[in-house]
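# Coordinate inspection notes
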Amino acid sequence: MVVEAFEVCAVPFNSDGWGPPDASDVSSSASSTSVAAANLLPHVPFASFSRSEKLGRVADWTRNLSNPSNRPHTGSKSDPSAVFDYSSFAIDEGFGLTSSGNNPDDDAAFRLVDGKPPPRPKFGPKWRFNPHRNWNQLPQRRDEEVEAKKRDAEKDRARRDRLYNLNNRNNVQYQRREAAAYKSSVDIQPEWNMLEQIPFSSFSKLSFSVQEPEDLLLCGGLEYYNRVYDRITPKNERRLERFKNKNFFKVTTSDDPVIRRLAKEDKATVFATDAILAALMCAPRSVYSWDIVIHRVGSKLFFDKRDGSQLDLLSVHETSQEPLPEAKEDINSAYALGVEAAFINQNFSQQVLVRDGKKETFDEANPFANEGDEIASVAYRYRRWKLDDDMHLVARCELQSVVDLNNQRSFLTLNALNEFDPKYSGVDWRQKLETQRGAVLANELKNNGNKLAKWTAQAMLANADMMKIGFVSRVHPRDHFNHVMLSVLGYKPKDFAGQINLNTLNMWGIVKSIVDLCMKLKEGKYVLVKDPSKPQVRIYEVPSDAFENDYVEEPLPEDEQVKPHEENAEGAEASVANETEDEKADEAQA
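The structure contained in this document is the topic of the report that follows. (Residues numbered from 1 in each chain as written. Predicted model: local features only at pLDDT ≥ 70, side-chain atom pairs only at ≥ 80, totals over all residues. Heavy atoms only, no water.)

### Description of the overall build of the protein chain
From N to C terminus, the protein chain includes twelve helices and 15 strands. When the 590 residues of the protein chain are sorted by exposure, 37% land in the buried category. For the protein chain, restricting intrachain contacts to residue pairs at least 6 apart in sequence, the fraction spanning at least 24 positions comes to 72%. A total accessible area of about 37,700 Å² is found for the protein chain, and carbon and sulfur atoms account for 49% of it. (Helix = DSSP H or I, 4+ residues; strand = E, 2+ residues; numbered from the N terminus. Buried < 20%, exposed > 50% of the residue type's maximum accessible area, 1.4 Å probe, protein only. Contact = heavy atoms within 4.5 Å. Areas by Shrake-Rupley, 256 points an atom, 1.4 Å probe, with all protein chains shown as cover.)

### As for unusual backbone geometry
Unusually for a residue other than glycine, histidine 317 sits at a positive phi of about 60 degrees. The residue histidine 317 is located in the loop between strand 6 (300-304) and helix 5 (334-351) in this model. Positive phi, close to 60 degrees, is recorded for asparagine 501, a residue that is not glycine. A residue is classified by how much of its surface remains accessible, and asparagine 501, at 64% relative accessible area, is exposed.

### A look at the packing of aromatic side chains
Going through the model one piece at a time under the given rule, you end up with eleven aromatic pairs. Centre to centre, the rings of tryptophan 192 and phenylalanine 547 are 5.7 Å apart; their planes meet at 70 degrees, and the pair counts as edge-to-face. Here tryptophan 192 is found in the loop between helix 2 (142-167) and strand 1 (193-199), whereas its partner phenylalanine 547 is found in the loop between strand 15 (536-542) and helix 12 (566-589), with 355 residues between them in sequence. A single burial state applies to tryptophan 192 and to phenylalanine 547, both of which are buried. For the ring pair phenylalanine 362 and phenylalanine 411, a centre distance of 6.1 Å and an interplane angle of 50 degrees mean the geometry is tilted. Within this pair, whereas phenylalanine 362 is found in the loop between strand 7 (359-361) and strand 8 (378-388), its partner phenylalanine 411 is found in strand 11 (residues 408-419), the two being separated by 49 residues in sequence. Accessibility classification places phenylalanine 362 together with phenylalanine 411 in one group, the buried group. (Phe/Tyr/Trp six-rings, centres within 6.5 Å; stacked < 30°, edge-to-face > 60°.)

### With respect to the nonpolar core
Of all hydrophobic cores here, the largest spans 80 residues; its most connected members are Phe303 and Val515. The element contributing the most residues to this core is helix 11 (residues 504-519), with nine residues. Those residues within four positions of valine 515 in sequence are excluded, and the remaining contacts are Val270, Leu301, Phe303, Leu387 and Met391. (Core = buried A, V, L, I, M, F, W, Y, C linked by side-chain atoms within 4.5 Å.)

### Some remarks on the sheet that holds strand 3 (residues 238-239)
In spatial order, the strands read 3-13-12-11-10; together these five strands make up an open sheet with mixed pairing. The sheet is open, and its two borders are formed by strand 3 and strand 10 (401-405), each paired with just one other strand. Across eight bridges, the pairing between strand 11 and strand 12 (residues 466-474) is parallel. Note on strand 12: the bridge partner recorded for asparagine 415 is isoleucine 469. Along the sheet face, helix 5 touches strand 3, strand 11, strand 12 and strand 13 (483-491) and points at about 145 degrees away from the line of strand 11. (Pairing = 2+ DSSP bridges. Axes fitted to C-alpha atoms, helices over the stretch in contact; angles between N-to-C directions.)

### So, the pattern of salt bridges
Applying the stated criterion across every chain, the model contains 16 salt bridges. Here arginine 306 and aspartate 291 are joined by a salt bridge, their closest N and O atoms 2.8 Å apart. Placement of the pair is arginine 306 in the loop between strand 6 and helix 5 and aspartate 291 in strand 5 (residues 291-297), with a sequence separation of 15 residues. Taken individually, arginine 306 and aspartate 291 each receive the classification buried, so the pair is uniform in this respect. (Salt bridge = Lys/Arg side-chain N within 4 Å of Asp/Glu carboxyl O.)

### Digging into helix 8 (residues 437-447)
All of the buried residues along helix 8 are Val440, Leu441, Asn443, Glu444 and Asn447. The arc enclosing the buried residues of helix 8, seen along the axis, measures out at 160 degrees, which places them on a common side. (Arc of directions from axis to C-beta.)

### Some thoughts on the environment of lysine 454
Relative to the elements of secondary structure, lysine 454 occurs in helix 9 (residues 449-461). Along the backbone, lysine 454 and alanine 283 are 171 residues apart, and their C-alpha atoms lie at a distance of 9.3 Å.

### Focus: the pairing of strand 8
With nine of eleven residues buried, strand 8 lies mostly within the body of the structure. Pairing of strand 2 (residues 214-223) with strand 8, which is carried by seven bridges, proceeds in the antiparallel orientation. Directly across from aspartate 215, in strand 8, lies its bridge partner arginine 383. Direction of pairing for strand 8 relative to strand 9 (residues 391-399): antiparallel, over a ladder of nine bridges. Within strand 9, the position partnered with lysine 386 by the bridge is histidine 392. The hairpin formed by strand 8 and strand 9 contains two residues between the paired strands.

Everything listed here is a matter of geometry and, on its own, says nothing about what the molecule does.
So this is what it looks like as structure tokens:
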């Protein structure tokens, strides 16, 4: 067996550091170039380094070389599929393996191969790979791309709105409606002088405790309540009747003969009605605009309302998030619903009474009725509160009925909530009222919180033992003339005030602060107006003849006026001359 000789190549020992020794340390028998070349691995570049230097990556295994166009141009003539990029390294000129021709500028071309992806920008569009992109096409201008994207976005938005309106055309509850712009209850004239502006936020911290009031007088007559209506349910509803022959009086404070008499007798300093006081007490809950006329006469203060004021109507859906239609001719507008609610309350307060002619009479008759008038069941209780040592308040409070409970006479107030369209309120009374009364009442507190608070305040001012609330609905949502009674619930005013978070101390604190503010004014006429768009009230100084002649008849055009004959014209001129002569004679006698 022949064994071939195995030659062991010379491995020089480097006593000064790591790796092969430098060419200068090698024996002179071998040339530096041959020794260095023998110690190098094939196809592996070598660069001298020290132990303190940081090493980069020698090979980049993450390079994507499948697409030749993506390969970075290095100027190397080596195999493009090779893992190592020889052109990126500067070989020590002592080895003689570089093709740079011992050019020292090639040392600056040294770089470490980094496989980390380039950092993505934190802001801006996130570009994605598009396989359908045409690389030969020139890129568009930036502004053209932006405009094209805007046009596409507008088309998408228009398409979504079109589909939304198509799907929700018949759904009133979920239609997107703009917030209604409420109008002021009174036209603010330019000559009016604004004296005070009070935000509602200042009312929340007010508190005032009053003593038990004193009953001065009780006028009118009350009919007894029919308890049969307490058993009404949506299944055995009752038709709401109309009482056209009944007379209902909405007399302001200064026109009340009893209050005038009490003012002459100097019984109090401040005079008002329960409706006006309730509007002041519940002012922070109000959304619609309202106004109160203030008369400062000597040391007296009168809170009045205008004829046809917003206080004579009942607000509907006032505190709801869904605004009502603004068109006044719409049956579901705020004004139309207010008129409808006022008539419903009047008819409801007379239908739930016992019609046997039995009536509870008091000290005096109705001060506003004439002989022979058919008067609605109502009693006026004139009560006096002490606001200060030198200040008392007298208010006229209303009661609608009386009932015998445990052989005791109890006074009632009668009011009615009206349902006009279940799509607006979100709760169908005919389905929920019998099984979920709490949910129906909570929904009404959300939509008509101000109205319920004012009813509770009026019942507490009148010292009513019970407040009856009826639930009246339309026969059909589009029929605002015919109604049915679905249920009648009774509450004690103080207990109901606790349920709706109505604080008595805060109510009287608001009244006391406004009274103190008005007592500092000089004699004259003022108006307190709730701002239609902001939660605040303003006090204006107005002329003495303001609100007296609200209706001004506009003259007809000249071509439509009826011209008298010549004889009639001469007779008219003669009559005018006689009238002027008579006036002059009267002035002379005076």
